[in-house]
Amino acid sequence: MDCRKGNSSGSVLFFLFPVFVGAMGLVGVQGDGNGEMALSLGSKNKYKRMDSELSDDFEDDASHHHHQLGRKKSTRKYVLACAIFASLNNVLLGYDVGVMSGAIIFIQEDLKITEVQEEVLVGILSIISLLGSLAGGRTSDVIGRKWTMAFAAIVFQIGAAIMTLASSFEVLMIGRVLAGVGIGFGVMIAPVYIAEISPTVDRGSLTSFPEIFINLGILLGYVSNYAFSGLSVHTNWRVMLAVGILPSVFIGFALFIIPESPRWLVMQNRVEEARSVLLKTNENDKEVEERLSEIVHAAGISNGEKNEEKAVWRELLSPSPSLRRMLITGFGIQCFQQITGIDATVYYSPEIFHDAGIVNKSKLLAATVAVGVTKTAFILIATFLVDRVGRKPLLYVSTIGMTVCLFTLSISLAILGKGQLGIAMALLCVCGNVAFFSVGMGPVCWIVTSEIFPLRLRAQASALGAVGNRVCSGFVAMSFLSLARTITVGGTFFLFSLFSALSVAFVYKLVPETKGKSLEQIELLFQNHNEWDGSEMELGDAQHLVHKA
């Protein structure tokens, strides 16, 4: 058939069509019972209706597109709000770490505590917080992720109030213990909740929010130290600690906004409620149904009934090969995050700068503010890059950079002594160390731990990883002063640099790239033993992701 001829005929018919229909009307040709003309050419009414339908279709498409854009914006705002509110508990940990670095100077002077008591007071929070993390895994499976965060805030508030009013070292320790338990709950549950509620494409950046808020808390703690240091010794450290209660107050408001985790709802066989949450946190209905189907399958639910499963802790204590690899990765990266000395750098930065030659207390606290600003600024870089370049590249940059900075700091403190050059090098290396930590090891550690475990084990396995993190943090914080006195501050940071070098090898061998994969696909990655090189995605999964995109 000649297309050009057809087009020409169509044009002629188009122009003659009204005339022809009018003529037919004059000779009395009638339509059928449906209002259609008996002749195949149609009628005047049909011509008008086709034109109307085209216009309506165009308007419908434009309306649908506008609706989709509106839903996309509202969904992103909603998920962002959930991530922010879920991360508020992490401000408490950061604030405590930052404020205690300066407050301990005045506590020591006011309550006349010994060096050993100082180490215990600083480090006990990390040790005790592991109890909160351990209990948090089970609690979040029973009462839900959302209400576990609320419980964490309440416990911390009680502990912070007791510390503020403490008149002796013993009372101060009671408040410190309670605050540690509350922090343990909050640190463990926030990344898990955010990972479970976030869309796949934004999960990395959103799951880094808890680390952002830890850094924000550290910075606020440093600023609080500097701002209230001019008050009397009996008052200033109490005000510093009391300010830490404020962030937890906002968590009460958050409970009216954030929903429960859809994955926890599925575990409770509340599938319709889970679908309702997914509709609020995903941009299209097709993705909602895909995610819901994956979650239901991962939870072991068929036709609304739970299958028989081994007890969670029995499975963790007697893991399958794939689960064993997950545990090694999750527990290992949490331990490496702390044994590289980040908490020692943050808690004892005034001691480090004092060893480098800064004597004035105000200048010491001002230098720590610079550390806090650096740490907070660079975590934002990680947030923008983690879903673009991936987890492993950021971990490589982070661990290698930390190793260089820690080694240089140890050499600087050992050789340069207390001079202007030594002070400058110490400040540069400490800021460089926290910057590289914030770019990778800080946020990515929590992201990976919240991603790699199966749904039925995620909360309690993540809690186990958090326990490793808190034990190592406490060990480093409680031993730093004694170790520095034995092998010098420079020697201690040389030891940290060796651990940091080992972390590079650990990332290369045992940490997989999880960018762009759903939580359920990551579980399959660990199950495929042939692909266990920690770096490649399965071809089938990659094709699946391309197809979805």
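Quantities reported herein were computed from a predicted structural model and do not represent experimental measurements. (Residues numbered from 1 in each chain as written. Predicted model: local features only at pLDDT ≥ 70, side-chain atom pairs only at ≥ 80, totals over all residues. Heavy atoms only, no water.)

So, the overall build of the chain
In terms of regular secondary structure, the chain is built from 24 helices and two strands. Within the chain, buried positions represent 53% of all 549 residues. For the chain, the share of sequence-separated contacts (at least 6 apart) that also reach a separation of at least 24 residues comes to 80%. Working note: accessible area of the chain is about 24100 Å², and carbon and sulfur atoms make up 66% of it. (Helix = DSSP H or I, 4+ residues; strand = E, 2+ residues; numbered from the N terminus. Buried < 20%, exposed > 50% of the residue type's maximum accessible area, 1.4 Å probe, protein only. Contact = heavy atoms within 4.5 Å. Areas by Shrake-Rupley, 256 points an atom, 1.4 Å probe, with all protein chains shown as cover.)

Some thoughts on helix H6 (residues 169-197)
Its 29 residues give H6 an end-to-end C-alpha distance of 42 Å, which sits within 8% of 42 Å, the value for a rise of 1.5 Å per residue. When you tally the buried positions in H6, you get 24 out of 29 residues, the bulk of the element. (Expected span 1.5 Å × (residues − 1).)

What to know about the environment of isoleucine 358
With respect to the helices, strands and loops of the structure, isoleucine 358 is situated in the loop between helix H17 (349-356) and helix H18 (361-385). Along the chain, isoleucine 358 and glutamine 420 lie 62 residues apart, while their C-alpha atoms are 9.2 Å from each other. Not counting residues within four places of it along the chain, the set of residues in contact with isoleucine 358 comprises Phe353, Lys363, Leu364, Ala367 and Ile423.

Some points on the environment of valine 371
When you line up the elements, valine 371 lands in helix H18. Between the C-alpha atom of valine 371 and that of valine 346, which follows or precedes it by 25 residues, the distance is 8.1 Å.

Here's the deal with the pattern of salt bridges
Tallied over the full model, the rule gives 10 salt bridges. Put simply, aspartate 110 and arginine 238 hold a salt bridge, and the shortest N to O gap is 3.9 Å. Here aspartate 110 is found in helix H3 (residues 88-111), whereas its partner arginine 238 is found in helix H9 (residues 233-242), with 128 residues between them in sequence. In this structure, arginine 391 engages aspartate 387 in a salt bridge whose closest nitrogen and oxygen atoms are separated by 3.0 Å. For the pair arginine 391 and aspartate 387, one class covers both residues: buried. Each member of the salt-bridge network shares a partner with another, and the members are Asp141, Arg145, Glu196 and Arg458. (Salt bridge = Lys/Arg side-chain N within 4 Å of Asp/Glu carboxyl O.)

A few points about the nonpolar core
By size, the foremost hydrophobic cluster in this structure holds 135 residues, and its most contacted members are Ile107, Leu172, Phe480 and Phe493. Residue contacts for isoleucine 107: discarding those within four places in its chain leaves Met100, Lys112, Ile113, Leu121, Leu172 and Trp237. (Core = buried A, V, L, I, M, F, W, Y, C linked by side-chain atoms within 4.5 Å.)

Concerning the state of the cysteines
By the definition in use, this model includes zero disulfides. The cysteine cysteine 445 is free of any disulfide, with cysteine 335 supplying the nearest cysteine sulfur at 9.0 Å. No disulfide involves cysteine 472; its sulfur sits 3.7 Å from the nearest other cysteine sulfur, which is in cysteine 335. (Disulfide = S-S within 2.5 Å.)

So, the side chain of threonine 383
Residue placement: threonine 383 occurs in helix H18. Residue class for threonine 383 comes out buried when judged on its relative accessible area of 12%. Residues within four places of threonine 383 in sequence aside, it is in contact with Ser205, Ser208, Phe209 and Ile212.

Quick look at the packing of helix H5 (residues 145-165) against H6
Running from N to C, H5 and H6 point in directions that differ by 160°, and their axes come no closer than 7 Å. By the angle between their axes, H5 is roughly antiparallel relative to H6. The interaxial crossing formed by H5 with H6 has left-handed handedness. (Axes fitted to C-alpha atoms, helices over the stretch in contact; angles between N-to-C directions. Parallel < 35°, antiparallel > 145°, perpendicular 65-115°, else oblique. Left-handed = near helix turned anticlockwise from the far one by under 90°.)

Comments concerning the confidence of the model for the chain
Detailed reading of the predicted model is not advised wherever pLDDT is low. A residue-level look at the chain finds 81% of positions with pLDDT of 70 or above and a mean pLDDT of 77. Here helix H24 (residues 539-548) is the element of the chain with the lowest mean pLDDT, 37, and helix H19 (residues 391-415) is the one with the highest, 93. Throughout residues 301-309 the model reports pLDDT below 50, and contacts reaching past four residues in sequence, or to other chains, amount to 12 contacts. Predicted confidence for residues 532-549 stays below pLDDT 50, and this span has 36 contacts to residues more than four positions away or in other chains. (pLDDT = per-residue confidence, 0-100.)

What about the packing of H19 against helix H22 (residues 458-510)?
At a minimum axis distance of 8 Å, the contact between H19 and H22 shows a crossing angle of 160°. By the angle class used here, H19 and H22 are roughly antiparallel. Helix-helix and strand crossings are classified by hand; for H19 and H22 the assignment is left-handed. Every residue of H22 that contacts H19 at Lys392, Leu395, Tyr396, Thr399, Ile400, Met402, Thr403, Leu406, Phe407, Leu409, Ser410 and Leu413 is listed here: Val489, Gly490, Phe493, Phe494, Phe496, Ser497, Ser500, Ala501, Ser503, Val504, Val507 and Tyr508. Class assignment of the residues belonging to the contact of H19 with H22 gives a composition of 16 nonpolar, seven polar and one charged. (Nonpolar A, V, L, I, M, F, W, Y, C, P; charged D, E, K, R; others polar.)

A closer look at a nonpolar patch on the surface
On the surface, Phe407, Ile411, Ile415, Leu416, Leu421, Ile487, Phe494, Leu495 and Leu498 cluster together to form a nonpolar patch covering roughly 780 Å² of accessible area. The leading source of residues in the nonpolar patch is H22, at four residues. By the secondary structure assignment, leucine 498 is in helix H22. (Patch = residues over 30% accessible without salt bridge, like charges linked within 9 Å, V, L, I, M, F, W, Y side chains within 5 Å.)

Digging into the packing of aromatic side chains
With the rule as written, the count across this model stands at six aromatic pairs. A centroid spacing of 5.1 Å and a plane angle of 45° characterise the contact between phenylalanine 336 and phenylalanine 506, whose relative ring orientation is tilted. Taken together, the residues phenylalanine 336 in helix H15 (residues 321-339) and phenylalanine 506 in helix H22 connect sequence positions 170 residues apart. Residues phenylalanine 336 and phenylalanine 506 agree in their burial class; the two are buried. Between tyrosine 348 and phenylalanine 480 the ring centres are 5.0 Å apart and the planes differ by 15°, which places this aromatic pair in the stacked class. Note that tyrosine 348 is positioned in the loop between helix H16 (342-347) and H17 and phenylalanine 480 in helix H22, a separation of 132 residues in sequence. Just as tyrosine 348 is buried, phenylalanine 480 falls in that class too. These aromatic residues form a ring-pair network of at least three members: Tyr348, Phe480, Phe493 and Phe496. (Phe/Tyr/Trp six-rings, centres within 6.5 Å; stacked < 30°, edge-to-face > 60°.)

Quick look at unusual backbone geometry
The general pattern is negative phi for most residues beyond glycine and trans for most peptide bonds. Positive phi outside glycine occurs at lysine 112, with the angle close to 55°. Along the polypeptide, lysine 112 turns up in the loop between H3 and helix H4 (115-142). Under the relative-accessibility criterion, lysine 112 is labelled exposed at 63%. You will see that threonine 488, though not glycine, has its phi angle at about 75°, which is positive. As for its position among the elements, threonine 488 is in helix H22. Accessibility expressed as a relative area gives 45% for threonine 488, which makes it partly exposed.

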